[in-house]
Amino acid sequence: MPTISLAPRDVARELARRYSTMTHDELDILESVLVPMKFAKNEVILKEGDVCRNIYWVVKGLVRQFYYKNNKELTEYMAPENNIVMCIESLFKEEPTHLQIMAIEPTLLYALPKADLEAVAMKSVNIQILYRKILEESLILSQKHADMLRFESAQDRYQKLVKRQPQLVLRAPLVYIASYLQMTPETLSRVRTAALLEDR
């Protein structure tokens with residue numbers, strides 16, 4: 001697991017590095033809206049029926065976003081350190097979400113409350129850019145995942161996940177990985193075995 005600073009100032013710097021350059025004063029403003037939140041393993045961060053009011057930055061740990069369909073849990077997204085997670089439709093419509101967010105490991109997040117972020121973005125072009133780029137990234141990741149599920153074989157889906165997000169493959173339970181890749185655990189097991197044999 002990568003070594004990551006948990007201090008709010010360092011989190012603000014990392015967000016600025018990733019999404020938008022900022023002055024010292026703008027870093028102060030961004031740091032002022034960050035809210036630290038800790039969750040135990042398997043603790044629910046956002047439950048179905050809640051309104052999502054935050055964008056979450058994962059500082060330490062691993063979270064997953066999932067929903068229920070026909071009494072089955074379906075994993076839609078997983079985020080290790082240095083990744084954003086949110087229920088974007090609920091966030092913008094201010095309506096209850098059908099999704100849930102849960103900590104797979106003991107997790108430290110920093111929440112960026114949407115109302116606070118929008119208020120400070122009105123006063124700073126660079127924070128506006130950060131906000132826009134976070135949303136753009138979320139939409140692009142969602143589109144890439146949807147396209148992968150639509151167009152690629154089980155083998156290719158797994159290989160792409162290994163390449164793009166090796167931390168997930170190492171740390172997330174196989175049942176969640178299988179669900180995220182829309183395959184049964186048995187299919188995932190076969191795909192993983194085939195991939196291991198190819199690498200020999």
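A. Layout of the pattern of salt bridges. Summed over the entire model, instances satisfying the criterion amount to 15 salt bridges. Here D10 and R13 are joined by a salt bridge, their closest N and O atoms 2.9 Å apart. Taken together, the positions of D10 and R13, both in helix 1 (residues 8-19) and three residues apart, correspond to about one turn of that helix. On the accessibility criterion, D10 (30% relative accessible area) is partly exposed. Look at the salt bridges and you will find they share partners, linking R9, D28 and E31 into a network.

B. View of the sheet that holds strand 5 (residues 72-79). Here four strands make up an open sheet; going across it, the order is 2-7-4-5 and the pairing antiparallel. Edge positions in the open sheet fall to strand 2 (44-46) and strand 5, since each of these has one partner strand only. Pairwise comparison of adjacent strand axes, ignoring direction, gives a mean angle of 35 degrees for this sheet. Of the strand pairs in this sheet, strand 2 and strand 7 (residues 100-103) are connected by two bridges, and their pairing is antiparallel. Residue pairing for strand 7: V44 is matched across the bridge by M102.

C. Spatial organisation of unusual backbone geometry. Although it is not a glycine, N70 sits at a positive phi angle of roughly 50 degrees. With respect to the helices and strands, N70 occurs in the loop between strand 4 (63-69) and strand 5.

D. Looking closely at the state of the cysteines. Inspection of the entire model under this criterion finds zero disulfides. In this structure C52 is a free cysteine whose sulfur lies 4.8 Å from that of C87, the closest cysteine sulfur available. Judged by relative accessible area, which is 1%, C52 ranks as buried. Its relative accessible area of 1% is what places C87 among the buried residues.

E. Spotlight on the sheet that holds strand 1 (residues 35-39). Judged by pairing direction, the sheet is antiparallel, and its four strands sit side by side in the order 1-8-3-6 without closing on themselves. Strands with a single pairing partner mark the edges of an open sheet, and in this sheet they are strand 1 and strand 6 (83-85). The average angle at which neighbouring strand axes cross in this sheet is 35 degrees, direction not considered. Sheet topology places strand 3 (residues 54-60) next to strand 6; three bridges connect them, and they run antiparallel. Looking at strand 6, one finds that W57 is bridged to I84. Relative to the sheet, helix 4 (residues 114-121) contacts strand 3 and strand 8 (107-113), its axis offset from that of strand 8 by approximately 50 degrees.

F. Region of interest: the packing of aromatic side chains. Following the criterion strictly, the structure yields two aromatic pairs and no others. Between the aromatic rings of Y19 and W57, the centroid separation amounts to 6.4 Å while the plane-to-plane angle is 80 degrees, which identifies the pairing as edge-to-face. Here W57 lies in strand 3 and Y19 lies in helix 1, a separation of 38 residues in the sequence. Its relative accessible area of 1% is what places W57 among the buried residues.

The rules we used
Residues numbered from 1 in each chain as written. Predicted model: local features only at pLDDT ≥ 70, side-chain atom pairs only at ≥ 80, totals over all residues. Heavy atoms only, no water. Salt bridge = Lys/Arg side-chain N within 4 Å of Asp/Glu carboxyl O. Helix = DSSP H or I, 4+ residues; strand = E, 2+ residues; numbered from the N terminus. Buried < 20%, exposed > 50% of the residue type's maximum accessible area, 1.4 Å probe, protein only. Pairing = 2+ DSSP bridges. Axes fitted to C-alpha atoms, helices over the stretch in contact; angles between N-to-C directions. Disulfide = S-S within 2.5 Å. Contact = heavy atoms within 4.5 Å. Phe/Tyr/Trp six-rings, centres within 6.5 Å; stacked < 30°, edge-to-face > 60°.

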